[in-house]
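# Residue-level structure breakdown
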Amino acid sequence: MPRDTGLVQRLIAFLKKPEMLETERREPARNRYDDYEPHEHHDVKYQERHTSDSMSNADLMLDGRHPAPGQASSMDALVMRALKQFNAQIGFVIRYDTEGRMRYLTGRNLSGQYIAHTEVNPDRRAIFLTLDSGEAQLFVDTQSQMQGVILCGPLRAQDQVIGLLYLDNPSRSRLHRGVFDIFCEQASRMLNEGRI
């Protein structure tokens, strides 16, 4: 009961004179999901087998199971929700198999238009660091004039990474690891169930 009384007294004091509130005891609130450690592109070292900075379009084969570009799938809807959540410019899903082949499943821009695999230029470092670590990665490019941000997360089947969700240039104010992990889990479930 005494604790409630103290809270009521502080609330009354705040309502009378808000500027008198004890500010030195306040600490900024931190969301426990905002724990990305951004990697700067020039600082990232990855295994020698990954030699090029950006993937060629030949590296990303179009998966024949994807519907025609004018049609939307459940995976397209998920990519669109992720784009809107993070206010990203482009998002796409890549399927990765055990032999190292990557298949481009789908891609969308923020206005909902289909993006073909020939129109994307993913950063190889972001992709392979995500594959190697098995965790979502945030990349920041501070060397170019347009500071780009990449958010890349693994899609899993049990303990194996079977794909990636890649968002190009998401808004920094919306980067929440917990929310992005939910999108990755939903995309993983779709891949595992064959709903692409």
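Heads up: the structure comes first, above all this text.
All of the points below concern the structure found in this document. Predicted, not measured: the structure shown is a model, and the values here were computed from it. One numbering rule holds for all chains: residues counted from 1, following each sequence as written. Reporting in this predicted model follows two pLDDT cut-offs: at least 70 for local features of residues, and 80 or more for side-chain atom pairs to be given and counted; totals over whole chains, interfaces and linings ignore these cut-offs and use all residues. Side-chain numbers here rest on the full set of heavy atoms in the structure, without hydrogens or water.

### Thoughts on the overall build of the chain
The line we're drawing: Runs of E in the DSSP output that reach at least two residues are strands. Runs of H or I that reach at least four are helices, and both are numbered from the N terminus. Here the term buried applies to any residue with accessible area under 20% of the maximum for its type, exposed to any over 50%, and partly exposed to those in between, with areas from a 1.4 Å probe on protein chains only. Contacts: residue pairs with any heavy atoms within 4.5 Å of one another.
A count of helical and extended segments in the chain gives 4 helices and 7 strands. In the chain, the order of α-helices and β-strands from amino to carboxyl end is α-β-β-α-β-β-α-β-β-β-α. Every one of the 196 residues in the chain was classed for burial, and the buried ones make up 41%. Sequence-distant contacts, at least 24 apart, represent 66% of the contacts inside the chain between residues at least 6 apart.

### Structural notes on the environment of Thr98
Within the secondary structure, Thr98 is located in the loop between strand 3 (90-96) and strand 4 (102-109). By relative accessible area, which is 70% here, Thr98 ends up exposed.

### Describing the packing of aromatic side chains
What counts, and what does not: Stacked, tilted and edge-to-face pairs are distinguished by plane angle, under 30 degrees for stacked and over 60 for edge-to-face with tilted covering the rest, among Phe, Tyr and Trp rings (Trp via its six-membered ring) whose centres lie within 6.5 Å.
Tallied over the full model, the rule gives 4 aromatic pairs. Taking 5.7 Å as the distance between ring centres and 85° as the angle between the ring planes, the aromatic pair formed by Phe86 and Phe180 counts as edge-to-face. Highlighted residues: Phe86 in helix 2 (residues 74-86) and Phe180 in helix 4 (residues 177-193), separated in sequence by 94 residues. No difference in accessibility class separates Phe86 from Phe180, as the two residues are buried. Of the aromatic side chains, those joined through ring pairs into one cluster are Phe86, Phe180 and Phe183.

### Details of unusual backbone geometry
The backbone of Gln158 sits at a positive phi, close to 55°, despite the residue not being glycine. Position of Gln158 relative to the elements: it lies in the loop between strand 6 (148-157) and strand 7 (160-168). With a phi close to 60°, Asn169 is a non-glycine residue in the positive phi region. Relative to the helices and strands, Asn169 is located in the loop between strand 7 and helix 4. Among the residues examined, Asn169 registers a relative accessible area of 31% and is labelled partly exposed.

### Quick look at the nonpolar core
Counted only if it meets this: The nonpolar core is taken to be a set of buried Ala, Val, Leu, Ile, Met, Phe, Trp, Tyr and Cys residues, with the residues joined through side-chain atoms within 4.5 Å.
Of all hydrophobic cores here, the largest spans 26 residues; its most connected members are Leu155, Leu165, Leu167 and Phe180. Secondary-structure elements contributing two or more residues to this core are helix 2, strand 6, strand 7 and helix 4. Ranked by residue count, the leading element in this core is helix 2, at 7 residues. With residues up to four places along the chain from it excluded, the contact list for Leu167 reads Ala82, Leu83, Phe86, Ala88, Ile90, Gly91, Val149, Ile150, Leu151 and Phe180. Grouped together as the second largest cluster of nonpolar side chains are 20 residues, Phe92, Phe128, Phe139 and Leu164 included.

### Thoughts on the pattern of salt bridges
What counts, and what does not: Salt bridge, as used here, is a side-chain nitrogen of Lys or Arg placed within 4 Å of a carboxyl oxygen of Asp or Glu.
Per the stated rule, a full pass over the model turns up 3 salt bridges. A salt bridge links Arg108 to Asp76; the shortest N-O distance between them is 3.2 Å. Separated by 32 residues along the polypeptide, Arg108 in strand 4 and Asp76 in helix 2 bring together distant segments of the chain. There is no split in this pair, since Arg108 and Asp76 are both buried. A salt bridge links Glu99 to Arg101; the nearest nitrogen and oxygen atoms lie 2.8 Å apart. Judged by its relative accessible area of 60%, Glu99 is exposed.

### Some points on helix 4
Going by this rule: Expected helix span is computed as 1.5 Å times (number of residues minus one).
The end-to-end C-alpha distance of helix 4 is 24 Å, a good match for the 24 Å that 17 residues give at a rise of 1.5 Å each. Turning to helix 4, its buried residues number three or more, namely Arg177, Gly178, Phe180, Phe183, Cys184, Ala187, Ser188, Met190 and Leu191. Those residues of helix 4 that are buried are in contact with helix 2, strand 3, strand 4, strand 6 and strand 7. In the stretch just after helix 4, Gly194 is the one whose phi turns positive, near 75°.

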